[in-house]
Number of protein chains: 4
Amino acid sequence: MIRVGLVGASGYTGAELARILCNHPQVELTVATSRQYAGKPLAEVFPHLRGKVDLLCENVAVEALVDRADLFFLAVPHKTAMDLVPFFLEAGKKVVDLSADFRIHDASVYEAWYQPHSAAQYLAEAVYGLPELYRDKVSTARLVANPGCYPTSVILALAPLLKAGCIDPTTLVVDSKSGVSGAGRGANVGSLYCEMGEGFKAYKVGDHRHTPEIEQEISLMAGQEVVISFTPHLLPMSRGILSTIYAGLAAGHDEASIRKLYEDFYGQEEFVRLLPQGEYPATQFVRGSNCCDIGFKVDPRTGRIVVVSAIDNLVKGAAGQAVQNMNLLCGLPEGEGLAQAPLFP
Amino acid sequence: MIRVGLVGASGYTGAELARILCNHPQVELTVATSRQYAGKPLAEVFPHLRGKVDLLCENVAVEALVDRADLFFLAVPHKTAMDLVPFFLEAGKKVVDLSADFRIHDASVYEAWYQPHSAAQYLAEAVYGLPELYRDKVSTARLVANPGCYPTSVILALAPLLKAGCIDPTTLVVDSKSGVSGAGRGANVGSLYCEMGEGFKAYKVGDHRHTPEIEQEISLMAGQEVVISFTPHLLPMSRGILSTIYAGLAAGHDEASIRKLYEDFYGQEEFVRLLPQGEYPATQFVRGSNCCDIGFKVDPRTGRIVVVSAIDNLVKGAAGQAVQNMNLLCGLPEGEGLAQAPLFP
Amino acid sequence: MIRVGLVGASGYTGAELARILCNHPQVELTVATSRQYAGKPLAEVFPHLRGKVDLLCENVAVEALVDRADLFFLAVPHKTAMDLVPFFLEAGKKVVDLSADFRIHDASVYEAWYQPHSAAQYLAEAVYGLPELYRDKVSTARLVANPGCYPTSVILALAPLLKAGCIDPTTLVVDSKSGVSGAGRGANVGSLYCEMGEGFKAYKVGDHRHTPEIEQEISLMAGQEVVISFTPHLLPMSRGILSTIYAGLAAGHDEASIRKLYEDFYGQEEFVRLLPQGEYPATQFVRGSNCCDIGFKVDPRTGRIVVVSAIDNLVKGAAGQAVQNMNLLCGLPEGEGLAQAPLFP
Amino acid sequence: MIRVGLVGASGYTGAELARILCNHPQVELTVATSRQYAGKPLAEVFPHLRGKVDLLCENVAVEALVDRADLFFLAVPHKTAMDLVPFFLEAGKKVVDLSADFRIHDASVYEAWYQPHSAAQYLAEAVYGLPELYRDKVSTARLVANPGCYPTSVILALAPLLKAGCIDPTTLVVDSKSGVSGAGRGANVGSLYCEMGEGFKAYKVGDHRHTPEIEQEISLMAGQEVVISFTPHLLPMSRGILSTIYAGLAAGHDEASIRKLYEDFYGQEEFVRLLPQGEYPATQFVRGSNCCDIGFKVDPRTGRIVVVSAIDNLVKGAAGQAVQNMNLLCGLPEGEGLAQAPLFP
């Protein structure tokens, strides 16, 4: 049994990690921290875990807890993560960091969108934990930067097209929609049921911090600096992200050739499901699972391709992908503990 | 009192017309038809109207009902509308047709997206009933083609930009999201609560029949043939449409100059609300009202403008706009019966 | 024009008062207070009111604002209300208090369920503002205690039965379900979208503070001290209360005799709608309106009657009823400004 | 591997069985029938199962499929089930029937609430499949009548009280609320998103067919004929049932003694979770799991006890309990394949 610790257990991502890990056959969750709920059973903070997880929340006293696990998940806000990562690494632990702190390779880009970076010396070795793209690097890493939820949905959708050079990256428009759990469990008026229910809105148009993360990965695949239009929206539901992505298609491509690209790229992937022509993803069909569903439309009228992808933002967009990375880091089968089918309806 | 008849009362649009009209001070609803519910009180089909509307649904026997109203709303499916319109016009009645049948000026375009047109001789005189653009024409018309819900949200958002020539229409990407009421009240598995709840999907990507309607109006304003990428999506909520629209911005424009364009264009409009910089529309803030909220972002990073608009698809996107057109047709104040503030939460 | 002031404009009840009043033909809203948002336009706090309400929120400085209105609505928490009421009354103003502070006639009962009462000298003159029961008293009052949302739904459902003595009040079980707006606009984790969405729960079983209010009114009608079982629940929706009420039926009553009782009692009421046999209320059919829908089932198998009532908790359960009371207090037609049909879907 | 067949795969219960079974380590799903979708992959009917279930729907040709499985789940409507059960039993197969056809021991009671029974000769041997009450009988049965969703929530809540004789069964009031998936996947207007969303209603008050099923089990435990008031309601959500149950408490009982009763009764149960004093179940904390959460309030003011229980209607209320019964029937660990923690949010 691999012993794992969960730092930041009281958010939705923390709870989702606990949910997945408590059914993982080769892992024991040994530590769960939460400043706010220290001393309280995690199953009291999250009553769905009653009878499933038997841990007390404890304060983040790293010295006291570091020896009780082999690998740590950090489900804490950015800035907090960069303060903790060096300690765990220097103690010889593996870390899957779910914050944004080690996703951006270039410290100056990070600092332009976030704040000063106090642990930039670890950026070079941090592996961007999208297993479908960086499986080998993850396997040998000690620090994995777990991707953001929006970026996961966008990068997986675009990778085959960009690597094959069949879209014009200067034309990329990314219109993404997320369930409210992406806004976290903070007590904000804006996240109240009555503010979000039966409603839909755009926010941070052109300003969202996931933009540089998406652009970094897209630029790497495109072999050129890419700037995208990225608009996030909030859906009146808890879980799920759907991204609709538009790009000019290079000459000589059609539905069949594009389909072959996707099939070659993702045919062997356990968690990516390519939909048949004329069908498009729906978040309700990936809910609670680690699946990423992808569909596309080649539109000769406009010369564009429209790619649509759907994930559960808390699973493939956060906790599930983190466990997938943990499996790789620990030499376990990549899908261990993640086979569960989506929950519908 | 103007006597109005409602042909097709048993869909959501019909019910919404009845709801608005029963509070309209200068109108009497005298006829409501529904094949399916003929003989049943409309307030039994729609219990929210109990005590508010006191009409029996009757069969669509046009000869028997034509004399009982001065103006008819047609809230029937396309194809059915084109069969009815000639009769009402020839009987000297005014018609607001909420179907698609008279929105497309060019019969061949209509026929390419819908089916053969049996009343194409009326296309030339039909006025596209977007009062903010065609107020004068509506006032003197006898046949108004009430715009589609998606097109209303898109055309209003783009009109000031296109008329001023400050965007490149070849770059237009329109990503729209609608509440489920847009799919109608038909008993389809796809519209069940459990299929739509807590879920979000794209559909008819690049194929939706509102595409030619949007392109017609945009082309007229742009002064050139425009082809757009249009992707509709279904939201887990009943009412509301939000459209997020992307276009390359011509050189020399910035937030201030664009804002002035919008203010000049819509400053006197009762139902268009321009949001301040950094704020974007949300469907929950227009629900139940005839408002169209518009916000935008000029993004120098990408050279694009992103415009976001929100309407209630059943009000400004259908029944409310139809009443606005009726007011114009009948010489009433344009906003009569439509002043009600949005219902939030 | 009657000038009215709104003390406590930043909660959902305050916003709903503003929404209703801005369409009221004989009223001008002249004051809106909010400590939290002082200096901000109310239409910025609640963007649905943009273009409809043109008032700045101001601090609750009673001396400064008392002369600017003839009647004040207090939409503030209990305890705060009792501090303000004496001032407004002594200044010669009429008050509709939406808090609980003046609903309970017996100060000791109030103090047992709430906290010490600092203005108990006004309890005797405060009129419990349920117009269907106390219309005459309201008309001549200067202080109206606007009923609670749950109590409104329960008392209206039971009044005809209790006054006729045809149920056994010792057997009363009241099972009520409310939308989340009843919990207010406070930033609490428990009211977040993700906590409430797709979920349903009971709370404060047997302990809710609306219990003594219901019991007071029921006891008055029954002519004996009545104790009830009252269980509130939270629904995954914003607006609406549905109460399901069980009581042993006295011998000699059947569906027909009970129906006659209800018809006699409510036949002339503008806002109470009695449903036909076999039909039961649904909150979606009263949403946004001042209606109270009532249905019942006489069940010979059990000897019980089951009464079901539905209201919009923010309208008939709060702001709408308050305006109904205002109309009575000011000699206006009781339904003025409240005729709007429910919004469905 | 045990081979199991699923008759009636195209409803929500059928899909949920497929979802659970595809992760069950000791079971192979070999047959899935659906008249409506015969010839279509089940994963096309239910896209969430894509990549998880690789079976074609086939017609219900019992002779052709009977040899391909050892046990059959019948997820078909009542009436259809009674036509199929004899065939499977006579072929030596075990059957878990999820319809109502074999739940009622007394054919005349069944026929009074449903329709004539054509296989009443099997009623005597059918075991009511509530494992917490009838575990031993289920283990040796060949025909298990899987309980209804409402009855599961009610009977589990009441069993300890009734067996201990500490409530007065003549006072029982059961107020239950269900998610819309309980209404099935039929294409009915009443189940549309727009009809159910943001709304709540009572239905079949005193008339629901689960009444005799609940009364049968309650009467057995009470040792006397019991008649209950039972009111079902529909919640604006897909999954979950919450039942609020009221009964007069016999003298001499208090919170502590009742708590001990529940702990003794359910302390060893894997799927029943007793909540601490002052906490009550919420459906969102059992979603997607086989858990039944129970909380209660002893109310000295009224002399009543209020018990609240929550289940996922599709899991513990249908497919999960069916798998639990299958495990017992097949000698597997009772919880095999059902350990998954609830999905929240």
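As shown above, the structure is provided for reference.
Presented here is an overview of the structure given in this document. Since the model is a prediction, treat every value here as computed from it, not as a measurement. Here the residue numbering is sequential within each chain, running from 1 through the sequence in written order. All chains are assigned letters beginning at A, and all ligands numbers beginning at 1, according to the order in which they are written. Under the rules for a predicted model, residues below a pLDDT of 70 receive no local features and side-chain atom pairs below 80 are neither given nor counted, while totals for whole chains, interfaces and linings still include all residues. With hydrogens and water stripped out, all remaining heavy atoms of the structure feed into the side-chain values.

**A few points about the sheet that holds strand S7 (residues 167-178) of chain B**
Residue and element names in this part refer to chain B.
Now for step 1: One bridge is not enough; two strands pair if DSSP finds at least two bridges between them. The helix and strand labels rest on DSSP assignments: H or I over at least four residues marks a helix, E over at least two residues marks a strand, and numbering proceeds from the N terminus. With mixed pairing, seven strands are arranged side by side in an open sheet as S8-S9-S7-S10-S13-S12-S11. For this open sheet the edge positions go to strand S8 (201-202) and strand S11 (272-274), each flanked by a neighbour on one side alone.
Now for step 2: As judged from the three bridges shared by S11 and strand S12 (residues 292-299), these two strands associate in the parallel manner. In the strand pairing of S12, Leu274 is matched with Ile294.
Now for step 3: Throughout, a contact is declared for two residues whenever any of their heavy atoms are within 4.5 Å. Each axis is a line fitted through C-alpha atoms, and for a helix only the stretch in contact is used; angles between axes span 0 to 180 degrees, taken between their N-to-C directions. Packing of helix H10 (residues 255-266) onto the sheet brings it into contact with strand S10 (241-249), S11, S12 and strand S13 (304-311), and relative to S12 it is tilted by some 160 degrees.

**Details of the relation of the copies chain A and chain B**
Now for step 1: Alignment of copies: least-squares fit on C-alpha atoms of residues with pLDDT of at least 70 in both copies. You can overlay chain A on chain B at an RMSD of 0.0 Å; the transform is a turn of 180 degrees with a shift of 0.0 Å along its axis. What the superposition gives is, in effect, a two-fold axis relating one chain to the other. Within chain A, Pro236 of chain A has its C-alpha nearest the rotation axis, a separation of 3.3 Å.

**A word on the pairing of strand S8 (residues 167-178) of chain C**
Residues and elements named next belong to chain C.
Now for step 1: We call a residue buried when its accessible area falls under 20% of the maximum for its residue type, exposed when it is over 50%, and partly exposed in between, using a 1.4 Å probe and counting protein chains only. Of all 12 residues making up S8, nine are buried, and the element is well covered by its neighbours.
Now for step 2: In terms of strand pairing, S8 meets strand S11 (residues 241-249) through eight bridges, oriented antiparallel. Paired with Val174 across the strands is Ile245, a residue of S11.

**Quick look at the sheet that holds strand S11 (residues 241-249) of chain A**
Sheet strands line up and pair through hydrogen bonds in the backbone, either parallel or antiparallel.
Residues and elements named next belong to chain A.
Now for step 1: The seven strands are arranged S9-S10-S8-S11-S14-S13-S12 in an open sheet whose pairing can be described as mixed. Two strands lie at the open edges of the sheet, namely strand S9 (201-202) and strand S12 (272-274), each paired on one side alone.
Now for step 2: Looking at chain direction, S9 and strand S10 (residues 229-234) are connected through two bridges and run antiparallel. From the neighbouring strand, Lys201 faces S10, where its bridge partner is Leu234.
Now for step 3: Here helix H7 (residues 149-163) sits on the sheet and contacts strand S8 (167-178), S10, S11, strand S13 (292-299) and strand S14 (304-311); the angle it forms with S8, its principal contact strand, is near 150 degrees.

**What to know about the interface of chain C and chain A**
Now for step 1: With 18 residues of chain C in contact, the opposing surface of chain A contributes 18 residues.
Now for step 2: In short, buried area is how much 1.4 Å probe accessible area vanishes from two parts on joining, totalled over both. Taken together, both faces of the contact between chain C and chain A bury some 1,600 Å²; the carbon and sulfur share is 62%.
Now for step 3: Ranking the residues of chain C by area buried against chain A places Leu192, Tyr193 and Cys194 of chain C at the top, with a combined share of 42%.
Now for step 4: Every case where a carboxyl oxygen of Asp or Glu lies within 4 Å of a side-chain nitrogen of Lys or Arg is listed as a salt bridge. Put simply, chain C and chain A have two salt bridges between them.
Now for step 5: Note that Glu195 of chain C and Arg185 of chain A form a salt bridge whose closest N and O atoms lie 2.9 Å from each other.
Now for step 6: We define a polar contact as two N or O atoms separated by no more than 3.5 Å, with the added condition that, inside protein, one atom must be a possible hydrogen donor and the other a possible acceptor, whereas residues neighbouring each other in sequence contribute only through side-chain atom pairs. Between chain C and chain A we count 10 residue pairs in polar contact (both at pLDDT 80 or more) in total.

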